[in-house]
Amino acid sequence: MKGRVLIAAGSDSGGGAGIQADIKTVTALGGYAATAITALTAQDTNTVYAVHPVPAEFVAEQMRVVLADIGADCIKTGMIHSVPIIEAVAEIAERHANGVPLVVDPVLVAKGGASLLEPSAMRALANALIGRADLVTPNIPEAERLTGLTVATVDDMARAAERIHRLGPSAVLVKGGHLESDEITDLLSHPGGIERFHAPRIESRHTHGTGCTLASAIATGIAQGLSLVDAVARARRYLRHAIEAAPGLGAGHGPVNHGVTVSPTT
């Protein structure tokens, strides 16, 4: 089983996050990954040292030619960085991929703390992409920035999801890894109701790229025809295996092991 996923995101020279993590994840889950690179970054497991944006018109051209020839069963966005790039991605998705599910990972800050979104781009991200998304996948700091709410409990996560729904997305997955607890709860709010996914916390510093990885794993499941709930459940299982098998690289937040396998279909 394949499932074509077109990913618009930035490149991570360290290989643990961004386009590199996306391609590895989609491939590990049996899908086919195509890409539109939005920015080049010079980064390692400690921090992002430099960001070199790709011109918006070239980002659009990457998406346009892939959609015209290969097509896509799901589009996933990650680091989009600036207003022109956000608008270009949104325009191409609307004009050339109408009806194709859209998963938006609202990447705002790198694991090491570096900003990956220009301050002026937050409103454009909310209006142009989050507003038309089938699923948006914020972590708690991202949910707080999108809503203005303080998120300190699972109930707060539910309130944040409700507030994000007002922006327009069909479903919201608020990831609970930033809460101080021995158990991680991710909360999925979707048209069928609210699903809470629970798992024991894995104590590890090797969590670089986990947001990119989870969103791409979900997008792969959607592209392969899984229900949203099943796609999230499989993606979480894949990510847990990847963290547990992390290769231990780098002096900072190391990468996970994207080469782990779970069943492509369940």
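Since the model is a prediction, treat every value here as computed from it, not as a measurement. (Residues numbered from 1 in each chain as written. Predicted model: local features only at pLDDT ≥ 70, side-chain atom pairs only at ≥ 80, totals over all residues. Heavy atoms only, no water.)

With respect to the helices and strands, the residue H52 is situated in strand 3 (residues 48–53). Through-space distance from the C-alpha of H52 to that of Q224 is 33 Å; in sequence the pair is 172 residues apart. (Helix = DSSP H or I, 4+ residues; strand = E, 2+ residues; numbered from the N terminus.)

This next bit is on unusual backbone geometry. A positive phi angle, near 75°, is found at H81, a position not held by glycine. Tracing the sequence through the fold places H81 in the loop between strand 4 (74–77) and helix 3 (83–96). Residue H81 is classed as buried on the basis of its relative accessible area, which comes to 10%. (Buried < 20%, exposed > 50% of the residue type's maximum accessible area, 1.4 Å probe, protein only.)

To continue, consider the state of the cysteines. Under the definition given, this model contains zero disulfides. For the unlinked cysteine C74, the closest cysteine sulfur is that of C212, found at 15 Å. Judged by its relative accessible area of 0%, C74 is buried. Exposure remark for C212: the relative accessible area of 13% places this residue in the buried category. (Disulfide = S-S within 2.5 Å.)

Looking at where T137 falls in the secondary structure, it is placed in the loop between strand 6 (135–136) and helix 5 (140–147). Take T137: its relative accessible area is 1%, and that puts it in the buried class. In terms of polar contacts, T137 uses its side chain to reach the side chain of D105, at 3.2 Å. Excluding residues within four positions of it along the chain, T137 makes contact with V103, V104, D105, P106, E142, L173, K175, A215 and I218. (Polar contact = N/O pair within 3.5 Å; in protein donor to acceptor, adjacent residues only side chain to side chain. Contact = heavy atoms within 4.5 Å.)

Right, let's talk about the packing of helix 3 against helix 4 (residues 122–129) for a bit. It is at 9 Å that the axes of helix 3 and helix 4 come closest, and there the two elements cross at 5°. Taken together, helix 3 and helix 4 sit at an angle that is classed as roughly parallel. Contact residues: helix 3 offers V83, I86, V89 and A90, while helix 4 offers A124, L125, A128 and L129. Of the residues assigned to the contact of helix 3 with helix 4, the class counts are eight nonpolar, no polar and no charged. (Axes fitted to C-alpha atoms, helices over the stretch in contact; angles between N-to-C directions. Parallel < 35°, antiparallel > 145°, perpendicular 65-115°, else oblique. Nonpolar A, V, L, I, M, F, W, Y, C, P; charged D, E, K, R; others polar.)

The next point concerns the nonpolar core. The biggest cluster of nonpolar side chains holds 48 residues, and the ones touching the most others in it are L6, I86, V89 and L129. Counting residues per element, this core draws most heavily on helix 3, which supplies seven residues. Setting aside residues no more than four positions away along its own chain, L129 makes contact with T77, I80, I86, V89, A90, L102, V104 and A124. Among the nonpolar cores identified, the runner-up in size contains 32 residues, and I19, L29, A219 and A223 belong to it. (Core = buried A, V, L, I, M, F, W, Y, C linked by side-chain atoms within 4.5 Å.)

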